[in-house]
Amino acid sequence: MSRNRNRNTIQSMPVMERRERVDEDEICPVCKSSRYLNPNMRFLINECYHKMCESCVDRIFTLGPAPCPVPNCGKVLRKAKFRKQTFEDIGIEREVDIRKRVAKVFNKRPSDFEDLKHYNDYLEEVETLTFNLISGIDLEETEKKLSAYESLNKSSIAANAALAASESAAFNQNKELERQSYIAAREAAARELEEERKEARETKAAMVRALATAKDGEEAKQIVADTEKKIALKRSSARRKEEEAKLRAAQGMAGIKASLLAGGRRQRVEEEDDTAAFDPLGGIDDKSKYYVVNKTYAIPWLSDLHNRQDILAGGYFVHEYYERCLFEAFSGLTVFQNADPSADIQMAE
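Report on the accompanying structure. (Residues numbered from 1 in each chain as written. Predicted model: local features only at pLDDT ≥ 70, side-chain atom pairs only at ≥ 80, totals over all residues. Heavy atoms only, no water.)

### A word on the overall build of the protein chain
At step 1: What the protein chain contains, in helices and strands, is eleven helices and four strands.
At step 2: Taken over 349 residues, the protein chain has a buried fraction of 17%.
At step 3: At a minimum sequence separation of 6, the contacts of the protein chain that also span at least 24 residues come to 50%.
At step 4: Per element, the accessible surface of the protein chain, about 27300 Å² overall, is 55% carbon and sulfur. (Helix = DSSP H or I, 4+ residues; strand = E, 2+ residues; numbered from the N terminus. Buried < 20%, exposed > 50% of the residue type's maximum accessible area, 1.4 Å probe, protein only. Contact = heavy atoms within 4.5 Å. Areas by Shrake-Rupley, 256 points an atom, 1.4 Å probe, with all protein chains shown as cover.)

Here is the structure:
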């Protein structure tokens, strides 16, 4: 009797181990059905990110909104918002959704700011709000900030969203045009190759017929030379036509791209002085406002270096030595120990 009990225990252990190995993500938390028993079962998620099988969704939410059946949740869900999970990790799925939601509200561009510093401050604020939503830190206050910003910037949010949509449409249209251009070029190349083969066969047959009726060797040589010249002319003309076709296609694509981008790009109108000289550095130079470098200084051991060819021939300039010395001397004079960095800058100025 004990042997039969032990045998039954040994036989049942693999089944138990196999059930324990079933991942919790493959089991519906509502009906406890597993994909091990039903391979065609499909899981869906909603705003609370609790998985449940499609049968439970149809059974619970067909008649209208209902609370989430997962214990300790109770969030009211709608059937229309159930969707298939994209990422394997539900945490990544939730983070991506939060970032998409925040990006729809905070959709400003670098052109909307005066300089790069203000844009970086804006990005830091957006990332702080996103991190709070993902980590569950000060959710009520973060949601209030998000709602307040959305209500105050509805017009700019809508304008940037429309701009992004137009740019996306232009990009997709550009990709489709490039695909069609590639297909047309490939078909044209195939037709051209077939025409070349056909012309080569016809030219060869004509040359054979001409050689068959030639009177002597000189006439045969002339026929061969004329045939080769005709073939060379045909190849050069075909190559020239191909280059012209490529140039026209490139110009057409460039014009299409320019028109698409111009239609979807918002340009800021700035007042510029056309009479001013062009400055590639934007007014930035290497001159210091704290000192002026003179051409020469009364330093005895440096006074003779201006006339020594053995030093000047190697590319040494005494003026660079003056600049480096003054720069190092004044480099620490504009830094002050203060708790407020802005006060240091004001004192330095």
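### As for the side chain of Q85
At step 1: Along the chain, Q85 falls in the loop between β4 (76-77) and α3 (90-105).
At step 2: Only 2.5 Å separates the side chain of Q85 from the backbone oxygen of F87, close enough to count as a polar contact.
At step 3: A distance of 3.1 Å separates a polar side-chain atom of Q85 from the backbone oxygen of E88.
At step 4: Discounting residues that sit within four places of it in the chain, Q85 has contacts with I45, K51, I90 and E93. (Polar contact = N/O pair within 3.5 Å; in protein donor to acceptor, adjacent residues only side chain to side chain.)

### What about the nonpolar core?
At step 1: Counting residues in each nonpolar core, the largest one holds 15 residues, and the members touching the most others are C28, M52, V57, F61, C68, L77 and F82.
At step 2: Of all the secondary-structure elements, those providing two or more residues to this core are β1 (43-44), β2 (52-53) and α2 (54-61).
At step 3: With three residues, the single largest contributor to this core is α2. (Core = buried A, V, L, I, M, F, W, Y, C linked by side-chain atoms within 4.5 Å.)

### Looking at a negative patch on the surface
At step 1: Taken together, the side chains of E194, E195, E196, E199 and E202 define an acidic patch exposed on the protein surface.
At step 2: Looking at where E195 falls in the secondary structure, it is placed in helix α6 (residues 154-212). (Patch = residues over 30% accessible without salt bridge, like charges linked within 9 Å, V, L, I, M, F, W, Y side chains within 5 Å. Salt bridge = Lys/Arg side-chain N within 4 Å of Asp/Glu carboxyl O. Lys, Arg positive; Asp, Glu negative; His and termini not counted. Charge placed at Lys NZ, Arg CZ, Asp CG, Glu CD.)

### Here we look at the pattern of salt bridges
At step 1: Here the structure, examined in full by the defined rule, presents 14 salt bridges.
At step 2: Residue K75 is joined to E47 by a salt bridge in which the shortest nitrogen-to-oxygen separation is 3.8 Å. In this pair, K75 is assigned in the loop between β3 (66-67) and β4 and E47 in the loop between β1 and β2, connecting sequence segments 28 residues apart.
At step 3: Residue K75 is classed as partly exposed on the basis of its relative accessible area, which comes to 39%.
At step 4: Exposure remark for E47: the relative accessible area of 35% places this residue in the partly exposed category.
At step 5: For E176, the salt bridge goes to R179, with nearest N and O atoms at 2.6 Å. Separated by three residues within a single helix, E176 and R179 lie in helix α6, roughly one turn from each other.
At step 6: On the basis of relative accessibility, which here comes to 32%, the residue E176 falls in the partly exposed class.
At step 7: When its relative accessible area of 44% is taken as the criterion, R179 is described as partly exposed.
At step 8: Via salt bridges that share partners, E47, K75 and K81 belong to a single interconnected network.

### Description of α3
At step 1: Relative to the 22 Å expected for 16 residues at 1.5 Å per residue, α3 spans 23 Å between its end C-alpha atoms, a close match to the ideal helical length.
At step 2: Residues of α3 that are buried in the fold lie against α4 (116-135), α5 (139-152) and α6.
At step 3: By the N-cap criterion, in which a side-chain oxygen at the helix start approaches the backbone nitrogen of a residue two or three places on, α3 is capped by D89, the distance to G91 being 3.0 Å. (Expected span 1.5 Å × (residues − 1).)

### Focus: the state of the cysteines
At step 1: Under the defined criterion, the tally for this structure stands at zero disulfides.
At step 2: Of all cysteine sulfurs in the structure, the one in C31 sits closest to C28, which takes part in no disulfide; the separation is 3.6 Å.
At step 3: Exposure remark for C28: the relative accessible area of 0% places this residue in the buried category.
At step 4: We note that C56 lacks a disulfide partner, and the nearest cysteine sulfur, in C53, lies 3.3 Å from it. (Disulfide = S-S within 2.5 Å.)

### Topic: the side chain of E93
At step 1: Among the structural elements, E93 can be located in helix α3.
At step 2: What makes E93 buried here is its relative accessible area of 2%.
At step 3: At 2.7 Å, the side chain of E93 and the side chain of R83 are in polar contact.
At step 4: E93 has contacts with I45, Y49, R83, Q85, T86 and F87, leaving out every residue within four places of it along the chain.

### Details of unusual backbone geometry
At step 1: Positioned with a positive phi, K32 is a non-glycine residue whose angle comes to about 65°.
At step 2: Looking at the secondary structure, you find K32 in the loop between α1 (2-21) and β1.
At step 3: Phi is positive for D138, which is not a glycine, with a value near 50°.
At step 4: The exposure class of D138 is partly exposed, given its relative accessible area of 47%.

So yeah, pure geometry; function would need other evidence.
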